[in-house]
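Analysis of the macromolecular model
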Amino acid sequence: MDTEYHGIALFLHSLCQCLALSQVANRQMYHAIKVRIITIAKKWNWSKTRAEQLKVDIGLYYRGEAPFDGGERDALKWWKNSHIDAQWHPLKALAITIHTIVPHATKIE
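Report follows, based on the coordinates. (Residues numbered from 1 in each chain as written. Predicted model: local features only at pLDDT ≥ 70, side-chain atom pairs only at ≥ 80, totals over all residues. Heavy atoms only, no water.)

1. Topic: the overall build of the chain
What counts is decided by this rule: Under the DSSP-based scheme used, a helix requires at least four consecutive residues in state H or I and a strand at least two consecutive residues in state E, with every element numbered from the N terminus. Three exposure classes are used, based on accessible area relative to the maximum for each residue type with a 1.4 Å probe and protein chains only: buried under 20%, partly exposed in between, and exposed over 50%. Whether two residues are in contact is decided by their heavy atoms: any pair within 4.5 Å suffices. Note that accessible areas follow from Shrake-Rupley with a 1.4 Å probe, and for residues the cover is restricted to the protein chains shown.
From N to C terminus, the chain includes 6 helices and 0 strands. Put simply, the chain runs from its N terminus to its C terminus through helices and strands in the order α-α-α-α-α-α. Looking at the chain as a whole, 37% of its 109 residues are labelled buried. A fraction of 54% describes how many contacts in the chain between residues 6 or more apart in sequence connect residues 24 or more apart. A total accessible area of about 6,800 Å² is found for the chain, and carbon and sulfur atoms account for 57% of it.

2. A closer look at the pattern of salt bridges
For clarity, the threshold we go by: The salt bridge criterion pairs a side-chain nitrogen of Lys or Arg with a carboxyl oxygen of Asp or Glu, the two atoms within 4 Å.
This model, assessed by the stated rule, comprises 3 salt bridges. Glu52 serves as the salt-bridge partner of Lys55, at 3.5 Å between the closest nitrogen and oxygen. In this pair, Lys55 and Glu52 both sit in helix α4 (residues 48-63), 3 residues apart, roughly one turn of the helix. The partly exposed category is assigned to Lys55, whose relative accessible area is 31%. The class of Glu52 is partly exposed, set by a relative accessible area of 38%.

3. Remarks on helix α6 (residues 90-100)
In terms of burial, α6 is a largely internal element, 8 of the 11 residues being buried. Listed in full, the buried residues belonging to α6 are Pro90, Leu91, Lys92, Leu94, Ala95, Ile96, Ile98 and His99.

4. Concerning the packing of α4 against α6
Note the threshold: Helix axes are fitted only over the stretch in contact, all axes being lines through C-alpha atoms; the angle between N-to-C directions runs from 0 to 180 degrees. By definition in this entry, angles of less than 35 degrees are roughly parallel, angles greater than 145 are roughly antiparallel, angles of 65 to 115 are roughly perpendicular, and the rest are oblique. By the convention adopted, Pro, Cys, Tyr, Trp, Phe, Met, Ile, Leu, Val and Ala count as nonpolar, Lys, Arg, Asp and Glu as charged, and the other residues, Gly among them, as polar.
Two numbers describe how α4 lies on α6: the axes approach to 8 Å, and their chain directions differ by 80 degrees. Taken together, the axis directions place α4 and α6 in an arrangement best described as roughly perpendicular. Side by side, α4 and α6 meet where Arg50, Gln53, Leu54, Asp57, Ile58 and Tyr61 of the first sit next to Pro90, Leu91, Ala93 and Leu94 of the second. Split into classes, the residues belonging to the contact of α4 with α6 amount to 7 nonpolar, 1 polar and 2 charged.

5. What about the environment of Ala41?
By secondary structure assignment, the location of Ala41 is in helix α3 (residues 30-43). As a C-alpha pair, Ala41 and Ala51 span 10 residues in sequence and 6.6 Å in three-dimensional space. Those residues in contact with Ala41 that sit more than four places away from it in its chain are Trp46 and Leu54.

Below is the structure:
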């Protein structure tokens, strides 16, 4: 299974970010993933202000800067237990939602 949403989930796992950006099959690069994340925010009817902060958050997360530094094997646990305020940093809310989705093989069956 290698869809754009799986790539986003992999990117939002702090210990697998480089793997998501280096996938040869999909050629998923940082910009493509960023566009996909913003597209999700638009589909969820996020405000322009929240979407703009999401863009800033993606950059901070990609560079491993505070408050998105660190990581843990369990991505959902890391996002939930982090001291990041989801009101100020909407990437946390998006990441938690993405990581609570149970992946399945419906698309390829």
